[in-house]
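Observations on chain architecture
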Amino acid sequence: MRPDLKTWLLVLVVAAFLGLFFFYPIGSVFESALWESTGPTLHYVGNVLSKSATRAGFASALVLASVATLAASLLALPLAYLQARTEFPGKRLFGAAILVPLILPPFVGAIGLKQVLGPYGALNAALAHLGVIGPAGAVDWFRAGPLAGVIILQALHLYPIIYLNVVAGLANVDPSLEDAARSVGAGPWRVLVRVTFPLILPSYFAGAIIVFIWAMTDLGTPLMFNYREPVAVQIFDRVSQPSNAEANALVVVLLAVVALLYLGARGLAGRQAFEMMAVATRPPAAGRLGRGAAAMAVLLFGAVTLVAVLPHAAVVLYSLKTEWHGTVLPSGLTLAHHQAALGLAPYEAAVPRSLRPLPSIWNSVVYSLGAVAVSLVLAVWTGYVLVRKRFAGRGVLDALVMLPLAVPGLVLAFGYLNCYADWGDRLVDAGVWSRNYLYPQTSPVALLVAAYAVRRLPLAVRAAVAGFQQTSRTLEEAALSVGAGPVRTLGRITVPLIAANLAAGALLVFAMSMLEVSDSLILAQDDAFNPVTRTIYRIYSNEYAVTGEAVASALGVWAMVFLAAALVAATALMGKRLGAIFRA
Amino acid sequence: MIPLRLAHITKRFGAVTAVDDVSLTVEPGELFFLLGPSGCGKTTLLRVIAGFYEPDGGRIFFGDADVTAVPPHRRRCGMVFQNYALWPHMTVLENLSFGLAVRGMGRAERRSRAAAMLDVVQMGAYARRKPTQLSGGQQQRVALARALVIEPDFLLLDEPLSNLDARLRREMRAEIRRIQRATGVTSIYVTHDQDEALAMADRLAVVRDGRIEAAGRPRDLYLDPPTLWAAGFLGATNLVDGRIRGRDAGAAVVDTSFGPLRAARAPADLGPGADVTISVRPEAVRLLAAEGPAPAANVYAATVEARTFQGETEQARVRLGGVEVTVSDRPTDLPPVGPGGAARVHVPAEAVRVYARQAAGAAASV
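Thresholds applied
Residues numbered from 1 in each chain as written. Chains lettered and ligands numbered in written order. Predicted model: local features only at pLDDT ≥ 70, side-chain atom pairs only at ≥ 80, totals over all residues. Heavy atoms only, no water. Phe/Tyr/Trp six-rings, centres within 6.5 Å; stacked < 30°, edge-to-face > 60°. Buried < 20%, exposed > 50% of the residue type's maximum accessible area, 1.4 Å probe, protein only. Lys NZ or Arg CZ within 6 Å of the ring centre and 35° of its normal. Helix = DSSP H or I, 4+ residues; strand = E, 2+ residues; numbered from the N terminus. Pairing = 2+ DSSP bridges. Lys, Arg positive; Asp, Glu negative; His and termini not counted. Salt bridge = Lys/Arg side-chain N within 4 Å of Asp/Glu carboxyl O. Polar contact = N/O pair within 3.5 Å; in protein donor to acceptor, adjacent residues only side chain to side chain. Contact = heavy atoms within 4.5 Å. Domains from an automatic or database assignment. Buried area = accessible area lost by both parts, 1.4 Å probe.

Turning our eyes to something else, we now look at the packing of aromatic side chains. A full pass over the atoms with the stated rule returns 17 aromatic pairs over all chains. Judged by centre distance (4.9 Å) and plane angle (85 degrees), the rings of phenylalanine 22 of chain A and phenylalanine 23 of chain A are edge-to-face. The buried category is assigned to phenylalanine 22 of chain A, whose relative accessible area is 2%. For phenylalanine 23 of chain A, a relative accessible area of 34% puts it in the partly exposed group. One aromatic cluster is present, formed by Phe17, Phe21, Tyr24, Tyr416 and Tyr420 of chain A through successive ring pairs. Taking NZ or CZ as reference, arginine 5 of chain B lies 4.4 Å from the ring centre of phenylalanine 61 of chain B, over its face. Geometry around tryptophan 87 of chain B places arginine 146 of chain B over its ring, the cationic atom sitting 4.3 Å from the centre.

The structure is reproduced here in structure tokens:
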């Protein structure tokens, strides 16, 4: 079709945004790591790789991610099979409850898990109470190091991603393929292993690779355990030296590893992707479980959900405790920490005034709303162009907008540090700005909003695309044919019809920006501009704040309340289609 | 009221030419049909008229005005879509009022006009319903009302009945015809259903591979199709190959495998020796008993092969010479000859159409 000026203008704006806030910063990381004044060099990469600390960092990140992915798979696969192929009482409810951990930030859960598994924690107290261990026999569950804690939290946080993908995969398997295997004499177990599992392998890989990369590049959870080994934390520890070529080299190596893993998994999944030759003519049969098996299924779903929310339940209790030491439950309850967190009561003088919690919640709300505005406008344009226009390069645009999903926030934040401070300085020197608005030390607002918006853009775009796809083009043409101009058609017909999708997308962007960790920790360097996650981290790790952990918990609880409210609203607006966004 | 004129319209999609140099004129007040098989370009042509596609070549005139570059919302074309495209977030009344609000009409005026139009399509009782609460036929009526309430210069209908069941389709044919007559709006109607086109059209154009194969009044096109393909597409027909022997008192005499056949009207350019295909509709052919009175010419001995009772009509497949021919008649008018029985066939000379023979596959399958 003839290139149409408006389409190209829209594409240009989206491309410009991605170019400025995605490709340019990442490019600057590469430039800093791989270029010297004399030309390209592998010197810094070689240096980084030759250090045993770096190798240990990658090793620990890979171990972390492997074990977390394995654990998440073991949790998710049986649940997904039960959900997709069996009937038992309360199936829908349990199916929804099992997803809750996905919205609980592991970063906050870390506080709770440490309380539960600590030497004077709830688990030891419970075991002592039951007489399993003696009063002096307290087990240090983290004796082997904080690695176990990080893995537990990540597995419990991320298994729903594998679960959602596998359930969707199972629903797409034509039941007649399984029937055919059974008719030639294969037993149920053999059908599962030889027919069903190979067919859903691509779906499994799609989920597992997201979990793997997420776990490998996670910054918040290891930080809360003060676990400094994983490469993500090592990079974070070098934030103070952004122009250091070796720090950039480390980021480049991380990005390369992520890219290789991603491509490898795609290749593996692609090779295994069998096109269903026949479209499923009927939904796969859901076998009704016997009473005993149904009880087991209910028990399994219930237990996994309970264990997965346990750290966060502990966070809630922790935020309400007066004292919680060597007992199963807190020995007393108080609202003091919440009052402190919300600024309703004066906070300890020992803590710097700049670390006040309430303004940081407000900061996060403002930044997140900014990210919602930016990503939503771009998402509507991109969605419109992707669904309604046919032009060369459409596939490229689609791939480009989805790319931020595969790039860890850490990498992007590092790129921002690299390339924008100079631009800001130049504008200050030229007298345009009185202050450098592109430098974390002076004002991180623009960078934070851009980082939040870019990284959540894929979610917003998928929500908008879903909306446009569900809305027949003829509804717009009908409006044009009765004489409504394009603007009125957009306002009165298109936007009202996709409003639910846009609202759901907006809420997701908002919620996920509110709880974003890596960009927030790296780009906010002045406490006055702290987003809530950085304040939680700062209060938590502030040695002068005696009640810091409890106040951080209270703040975490309020952040989760925000998130839960946003997601309940998003679910109500978008209904069952919500899951599609997480599978994007 | 103004005529619609297309001059040399061409529309391409990549390498595919969907509409190829089409010129036609639709007269004021007319119900004009674009009829063709799926993929022939008829819907593309309609969307070019509506302004949803910009043609790659040619001009579109509404009256004297060249609207080729006018965007769709300024064309004053009411359109009825195949899937109705009623806005699901608005009530029936709001669906109708929307186009009036666009024209800056006051609220009271909008309501009374919309209500009046709903009465015309007999949907007055459903004004407060949402489109999802309506049946397919009701949605169809609302879609029609929505297109008409803006008093368009042209009403465009894109396969409006294809989503309805057979009974409702027949009912809505009469209904659309009635409403079109009542409003007098110049209308262009796209369909692949030749029965619909023949029953409803003032005039129709048969579209084939992006070109107009034939155009005219339904009766003329059906009885005297200008091309072999049009003959096959507009209804069932019997095709027999032959060669012209000569002319006899104005009629052409064609040699066929079952003997000489007189054709009352044959193109003058087909002289003796020309290879031809003749076409004759099943209902024009008469099946006669083996014995008894018969017309003087074009009567041939035949064997009945099979009979198919269809209620209103009955069809007989008969073999004469080397060819099979289908005869269609009222069941009571067919002689009682069963399969394998001997009979005679009369092919009236004035029902025979003669075409120059074309390469294989040129005729539409029927």
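And the narrative resumes.
With that settled, the discussion passes to the pairing of strand E19 (residues 342-346) of chain B. Residues and elements named next belong to chain B. Of all five residues in E19, four are buried; the element is thus mostly enclosed. Bridge analysis of strand E15 (residues 286-289) against E19 gives four bridges, and the strand direction is antiparallel. Note on E19: the bridge partner recorded for arginine 286 is histidine 346. Direction of pairing for strand E16 (residues 299-309) relative to E19: antiparallel, over a ladder of five bridges. The partner of threonine 303 across the bridge, within E19, is alanine 342.

All names here are of chain B. Within the secondary structure, arginine 281 sits in the loop between strand E14 (275-280) and E15. Buried charge without a partner: arginine 281 forms no salt bridge, and the closest opposite charge is glutamate 283, 4.9 Å away. A polar contact of 2.9 Å, which involves the side chain of arginine 281, links it to the backbone oxygen of alanine 231. Filtering out sequence-adjacent residues up to four positions away, arginine 281 remains in contact with Tyr222, Pro225, Ala231, Leu234, Gly235, Ala236, Thr237 and Asn238.

Our next topic: the domain arrangement of chain B. Residues and elements named next belong to chain B. According to the domain assignment, chain B contains domain 1 (4-232) and domain 2 (236-356). Distance from the C-alpha centre of domain 1 to the C-alpha centre of domain 2: 39 Å. Counting from both sides, the interface comprises nine residues of domain 1 and, opposite them, nine residues of domain 2. Counting each side, the surface lost to burial between domain 1 and domain 2 is near 780 Å², with a carbon and sulfur contribution of 47%. Three residues stand out in domain 1 for area buried against domain 2, namely Tyr222, Leu228 and Ala231, and they jointly supply 63% of the buried area on that side.

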